[in-house]
Amino acid sequence: MKRSGMQLNFAAPGQIDFNSISKKAKRFGIQLIWSLVIPVVFIAGWDMIANHLQNPVVLPTVKESLQILIHPFANLIGMGSLFSNIFVSLMRVLLGYVLAVLVAVPIGIFMGYYGPAYRLLNGFLGLFRPIPPLAWVPLVLAWFGIASMATLLGIKQGQWYVYLNNLKLSMVFIIFIGAFYPVLTSALYGVRNVRKVLIDSARVLGASEKDIFRLVLLPAAFPSIVNGMRIGLGVAWMCLVSAEMLPGSLSGVGYLITHAYTVARTDIVVAGMISIGVVGSILDFLFRALEDKKFAWQRLSR
Amino acid sequence: MQETVINIEHLSKTFTTEQGALVPALKDINLSVDLNDFICIVGPSGCGKSTLLRIIAGLEQASDGMAFYLGEEVKKTNREVGMVFQDYSLLPWRTVLDNIALGMVFSGVARNESLQVATQYLKLVGLGDFARAYPYELSGGMQQRAAIARALANNPRVLLMDEPFGALDAHTRILLQKELLRIWEQDRKTIVFVTHSVDEAIYLADKIIVMSAHPGQIKETINVTMARPRDRGNPLYGKMNARILSMLDH
Ligand SMILES: Nc1ncnc2c1ncn2[C@@H]1O[C@H](COP(=O)(O)OP(=O)(O)O)[C@@H](O)[C@H]1O
Ligand SMILES: [Mg+2]
């Protein structure tokens, strides 16, 4: 699929084609308006229903929820600010996610590259794949309890203790499990699906096994690996709420939402949900931007 | 006495499919290719042409019999035996120039030098303006030109070509046949060229090997002595074409 980015500009060099710029701006404007239609209708509908219900526990109004979002540093029901909770959540997700990437990418590449490893591991790993991360909770609690990174590193006080104690091993594990499979699968199939003729043609040019791995398989699989990393980050972020509902958690957006629910502050619940959505979209957008920039060849080939 | 470059003796190949079925692809092939020969192999689809080339290249092992390159049994790929494939085979994330330099990257030639050599071959195939282009920006014909340049830049002694023009339109195909001959005339590298087009074989080859299918066997070897460049309007051309086509029918 060719996108507009590939369009050639026939204006003479050094001479700006205002006609085409204004056309582009116009098209961009129309696209922007078009993509805003549904959100605007959605928000308007939400506000209408909320105003009609007049029951903030069932559905707060847009204004009530926005009130919380536009004061991200205000202390909420004694749990710290929205911002600080998002920050704690982000740290947890990134830790679990980075660990998942560090383990899943090499295993996936190895399984894709080396047939016996695939046959050995695929069935086994496949058994765990369908288990939802949440189903691990009882076991994970039995294993890790409320131990945190601080426990692991033997830090018992000070500023670092406060930070690290927020990174409960049980949560990191749940997030790890969530991110692990998408990353593993895409690394595995990224390597497996490399067109054979690329490998053959490198081989007849005198490539060693190492050359083929480094200069053919890895670059060919790279877009798929990054794509899996993007999906994995999304899943990791989605596991957040379940992870932060675990005992020992006293912070994070997930905890904020569940705690706000118990004190009937639905406006905080909604604001928390919106922030999860927004942060998730931003992470996804950043990844996509990288993919678009770095892997144009893949989008445009064939 | 000509120097023999490739020698194939009683070579057979049977594939085993994933379901365990045996597929006989080649049976008792005997063939020798002399230095500077331009040989074309024609035959119906599925008669084992690709398999034969892949065995010569060292990408596949014979089930029976042997293939020799300069008197030594072929066991693995060898930089001296280059190959051009029918499918587009440039690495899509490398520029055309970096693709052509690929063989030299594998053999550890300094980057400066490899790019210089690559540029030279790029010009040879008429792609001088496309050094920095990516493969997806090239037409099919241009990609195959680049693939030929890539094989030649590695300076092989023998060039194996597996239906390299098979996916191209008729016009581009004829253009590239001419180009290939022009390049070949410069140093007459030994070429084994597989095609299912009889016309293409007569236009290019010194010697045509006609194969039949199920299992793949050599049916006939025909020397083409018409002077080059060959004229498709020449009655001899048409006669030979008709004769080979009738062979393929039976
Ligand atoms: N890897 C393989 N596994 C099983 N069968 C194969 C394999 N490669 C080729 N064959 C079979 O061998 C026969 C010859 O194939 P091929 O050499 O590709 O023929 P051609 O190039 O003349 O069209 C065909 O019947 C094909 O299906
Ligand atoms: Mg073939």
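Scroll up to find the structure.
Residues numbered from 1 in each chain as written. Chains lettered and ligands numbered in written order. Predicted model: local features only at pLDDT ≥ 70, side-chain atom pairs only at ≥ 80, totals over all residues. Heavy atoms only, no water.

> Looking at this model, I keep getting lost on the overall build of chain B. Mind explaining?
Within chain B, the regular secondary structure consists of eight helices and ten strands. The globule rule puts the C-alpha radius of gyration for 250 residues at 18 Å, and the 18 Å found for chain B is close to it. With the C-alpha coordinates aligned to their principal axes, the bounding extent of chain B is approximately 50 × 45 × 40 Å. Residues classed as buried in chain B amount to 55% of the 250 residues present. As displayed, chain B offers around 11400 Å² of accessible surface, 49% of which is attributable to carbon and sulfur atoms. Charge-centre separation for chain B: the mean point of 26 positive side chains lies 3 Å from the mean point of 28 negative side chains. (Helix = DSSP H or I, 4+ residues; strand = E, 2+ residues; numbered from the N terminus. Rg over C-alpha atoms; globule rule 2.2 N^0.38 Å. Buried < 20%, exposed > 50% of the residue type's maximum accessible area, 1.4 Å probe, protein only. Areas by Shrake-Rupley, 256 points an atom, 1.4 Å probe, with all protein chains shown as cover. Lys, Arg positive; Asp, Glu negative; His and termini not counted. Charge placed at Lys NZ, Arg CZ, Asp CG, Glu CD.)

> Is there a simple way to think about the nonpolar core in this case?
A general feature of soluble globular proteins is that nonpolar side chains tend to end up buried together. Core analysis: the largest hydrophobic core is formed by 75 residues, its most contacted members being Tyr97 and Ile174 of chain A. The biggest single contributor to this core is helix 8 (residues 169-192) of chain A, with 14 residues. Those residues in contact with Tyr97 of chain A that sit more than four places away from it in its chain are Ile175, Ala179, Met229, Arg230, Gly232, Leu233, Ala236 and Phe287 of chain A. Listed in part, the 55 residues of the second largest apolar core include Cys40, Leu97, Leu138 and Ala205 of chain B. (Core = buried A, V, L, I, M, F, W, Y, C linked by side-chain atoms within 4.5 Å. Contact = heavy atoms within 4.5 Å.)

> Explanation requested: the site of ligand 1 in the structure shown.
All names here are of chain B. Looking at ligand 1, the residues that line it are Phe15, Val23, Ala25, Pro44, Ser45, Gly46, Cys47, Gly48, Lys49, Ser50 and Thr51. Cys47 places a polar main-chain atom, nitrogen or oxygen, 3.2 Å from an oxygen atom of ligand 1. Here an oxygen atom of ligand 1 sits 3.1 Å away from a polar atom, N or O, in the main chain of Gly48. Here ligand 1 loses 62% of its free accessible area of 570 Å² to cover by the protein chains. Mapped onto the shell around ligand 1, the elements with two or more residues apiece are strand 2 (22-34) and helix 1 (49-57). Looking at the shell around ligand 1, the element that brings in the most residues is helix 1, giving three residues. Across the shell around ligand 1, the residue classes tally to five nonpolar, five polar and one charged. (Near = heavy atom within 4 Å. Polar contact = N/O pair within 3.5 Å; in protein donor to acceptor, adjacent residues only side chain to side chain. Nonpolar A, V, L, I, M, F, W, Y, C, P; charged D, E, K, R; others polar.)

> So what exactly am I meant to see when it comes to the interface of chain B and chain A here?
Often, the extent of an interface is quoted as the loss of accessible area upon association of its parts. Each partner contributes residues to the interface: chain B has 25 residues there, and chain A has 22 residues. In terms of surface lost to chain A, no three residues of chain B exceed Trp93, Phe106 and Tyr136 of chain B, which account for 39% of the buried area on that side. Counting across the chain B and chain A interface gives one salt bridge. One salt bridge in this structure joins Arg54 of chain B and Asp200 of chain A, with 2.8 Å as the shortest N-O distance. Elements represented by at least two residues in the side of chain B that touches chain A include exactly helix 1, strand 6 (81-84), helix 3 (102-106) and helix 5 (140-153) of chain B. Here the element with the most residues in the side of chain B that touches chain A is helix 3 of chain B; it accounts for four residues. Grouping the constituent residues of the side of chain B that touches chain A by class yields 15 nonpolar, five polar and five charged. (Buried area = accessible area lost by both parts, 1.4 Å probe. Salt bridge = Lys/Arg side-chain N within 4 Å of Asp/Glu carboxyl O.)

> Would you explain the packing of helix 2 (residues 62-69) of chain A against helix 13 (residues 266-294) of chain A in this entry?
The geometry of a pair of packed helices is captured by two quantities: the angle between their axes and the separation between those axes. All names here are of chain A. At a closest axis distance of 8 Å, the pairing of helix 2 and helix 13 adopts a crossing angle of 65°. In this structure, the crossing between helix 2 and helix 13 has a hand that is right-handed. For the pair helix 2 and helix 13, contact is made by Glu64, Ser65, Ile68 and Leu69 and by Asp267, Ile268, Val270, Ala271, Ile274 and Ser275, respectively. Along the lines of polarity and charge, the residues of the contact of helix 2 with helix 13 split into six nonpolar, two polar and two charged. (Axes fitted to C-alpha atoms, helices over the stretch in contact; angles between N-to-C directions. Left-handed = near helix turned anticlockwise from the far one by under 90°.)

> Would you take a moment to explain the layout of surface pockets for this structure?
Where empty space is left in the structure can be found by rolling a water-sized probe over the atoms. All names here are of chain A. Roughly 290 Å³ of internal volume is contained in the second largest pocket. In this structure, the second largest pocket is lined by Phe87, Val88, Met91, Leu94, Leu95, Gln159, Trp160, Val162, Tyr163, Leu164, Asn166 and Leu167. At the level of elements, helix 3 (82-113) and helix 7 (159-165) are the ones that each hand at least two residues to the lining of the second largest pocket. Among the residues making up the lining of the second largest pocket, the classes are represented as ten nonpolar, two polar and no charged. (1 Å grid on protein atoms, 1.4 Å probe; cavity = no way out; pocket = protein on both sides within 12 Å on 5 of 7 lines; lining within 4 Å. Points joined across faces, edges and corners; volume = space filled by probe spheres on them.)

> Would you mind showing me how to read empty space enclosed by the protein here?
All names here are of chain B. Taken as a whole, this structure holds one cavity of 30 Å³ or more when the rule is applied. The wall of the largest cavity is formed by Val125, Arg145, Ile148, Phe165, Leu176, Glu179, Leu180 and Ile183. For the lining of the largest cavity, the secondary structure elements donating two or more residues are helix 5 and helix 6 (170-187). Ranked by residues supplied to the lining of the largest cavity, first place goes to helix 6 with four residues.

> Sorry, what's going on with the pairing of strand 9 (residues 207-212) of chain B here?
For a regular strand, side-chain orientation follows a simple rule: the groups alternate between the two sheet faces. Residues and elements named next belong to chain B. Within strand 9, six of the six residues are buried, leaving the element largely enclosed by the surrounding structure. Neither face of strand 9 is left uncovered, since the one carrying Lys207, Ile209 and Met211 and the one carrying Ile208, Val210 and Ser212 both have all their residues buried. Across six bridges, strand 9 lies against strand 10 (residues 217-223) in antiparallel orientation. Opposite Val210, over in strand 10, you have Glu220 as the bridge partner. Connecting strand 9 to the next strand, strand 10, in antiparallel fashion are four residues, including His214 with a positive phi near 55°. (Pairing = 2+ DSSP bridges.)

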